[in-house]
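# Examining the three-dimensional arrangement
Single-letter residue listing:
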Amino acid sequence: MLMTKGRGGGTGAGLSRVSGALLAMSRHLEVRDVLKTIVVSARELLDAEYAALGVPDDHGGFAQFVVDGVSEEQWKAIGPLPRQHGILAAMLKDATPQRLADVRLDPRFGGWPSAHPDMSDFLGLPIADGDEVLGAVFLANKRCPKPQGGCGFTAQDEELLAILAQHAAIALTNARLYERSRELTIAGERARLAHELHDAVSQKLFSLRLTAQAATALVDRDPARAKDELQQIALLAAEAADELRSAVVELRPAALDEDGLVATLRTQVQVLDRAHSARVTFVSHGVRALPAAQEEALLRVAQEALHNALRHADARQVDVTLTRHGQGARLRVVDDGRGFDPSAVRRAGRHLGLVSMRDRAGGVGGGLTVESAPGKGTAIEMEVPGG
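What counts, and at which threshold
Residues numbered from 1 in each chain as written. Predicted model: local features only at pLDDT ≥ 70, side-chain atom pairs only at ≥ 80, totals over all residues. Heavy atoms only, no water. Helix = DSSP H or I, 4+ residues; strand = E, 2+ residues; numbered from the N terminus. Buried < 20%, exposed > 50% of the residue type's maximum accessible area, 1.4 Å probe, protein only. Pairing = 2+ DSSP bridges. Phe/Tyr/Trp six-rings, centres within 6.5 Å; stacked < 30°, edge-to-face > 60°.

### Describing unusual backbone geometry
The residue Asn141 is not glycine, and still its phi comes out positive at about 65°. Secondary-structure assignment places Asn141 in strand 5 (residues 132–142). Here Asn141 falls in the buried class, since its relative accessible area comes to 10%. Positive phi, normally seen in glycine, also occurs at Asp314, with a value near 55°. Within the fold, Asp314 resides in the loop between helix 8 (292–312) and strand 7 (317–325).

If you want it as structure tokens, here you go:
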């Protein structure tokens, strides 16, 4: 077992810090958040003044580069991101650890910009998934008394950073898979909405065209009926505009970052209420801000449940409720539509989006329940924990 002594003095404190660092990495799903957590964890764990992590691109530079210990002003003054050369290239291309007493004396050292902080002792390791090097994490200026001409980073520090790098590779791979999955989900949502938009608006425009032709034929011989047809044209045009507006709102990325879950969901419900003959309501009580992944999952499940109620169930009333549940939240979407037998739907291989909704709930540590019966409407409830 790896024995480490933390600043608190003792193996227990060191292991606790390692455990805390690994748990922190596993909590995040966004790549940028994972990178930042790795860097901060590494710097704190090994008590270094500076830490950085670079993810290479295919053109000799870095697709992403995250630092800790450097102020925003310093970072701006440093200028462009470094290239993959010297010691960085050695870690990325050969997947070799680098522990140096003074990075400035290494023959591979190529200097740095004038605004760059001065660094001496150096420890760097590749982050690899099998044979693929995902990036490199490196630390500089160990906060400790240094032996004469020696490095402040020890072999034990290198071993500890290697453990962190192995788990960082897993966390980074998972985050990339999550982001790719989300991209595919968004692409699927857009395709579904485009199909619905085509069907709904095409029907409205076809009716609009027929009604306009009828009004044209009646305008001379039956002005009163022609007037009625023109009023119908105005109504159909308004409905088509509402369909378009509704689709645009759904196609546009939800403004969760700017507006939060409650405001975003309320806006979408209001648009759907205007766009459909069914009454759609939204009520929220005591909901606190949640991690981005939880908020997105709640929003997408609400959208899927609303889609089912309005497009498939012929509901006349749909009620959306979002309430606080412990440190998390509970979403409930209830409609008075035709309902269905959930077991029969599963046997028939039709899921009405239930599989994706359950996957979304489970992906953020939550749960989903569905209550429905033919002629009895449907209630979909989702609970997620807090962050």
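### What to know about the pairing of strand 10 (residues 378–384)
A large share of strand 10 lies buried, amounting to six of its seven residues. Examined bridge by bridge, strand 8 (residues 328–335) and strand 10 share seven bridges and lie antiparallel to one another. By the bridge assignment for strand 10, Arg332 is matched with Glu381. With six bridges connecting them, strand 9 (residues 367–372) and strand 10 associate as antiparallel partners. In the sheet register, Leu368 faces strand 10, and the bridge partner there is Met382.

### Regarding the packing of aromatic side chains
Tallied over the entire structure, the rule returns five aromatic pairs. Between the aromatic rings of Phe65 and Phe138, the centroid separation amounts to 6.1 Å while the plane-to-plane angle is 50°, which identifies the pairing as tilted. Taken together, the positions of Phe65 in strand 2 (residues 62–68) and Phe138 in strand 5 put the pair 73 residues apart, joining distant regions of the chain. Residue classification places Phe65 among the buried positions, given a relative accessible area of 8%. Phe138 sits in the buried class, given a relative accessible area of 13%. Judged by centre distance (4.8 Å) and plane angle (75°), the ring pair of Phe109 and Trp112 falls under edge-to-face. Judged by its relative accessible area of 27%, Trp112 falls in the partly exposed class. By the ring-pair criterion, three or more aromatic residues cluster together here, those being Phe62, Phe65, Trp75, Phe122 and Phe138.

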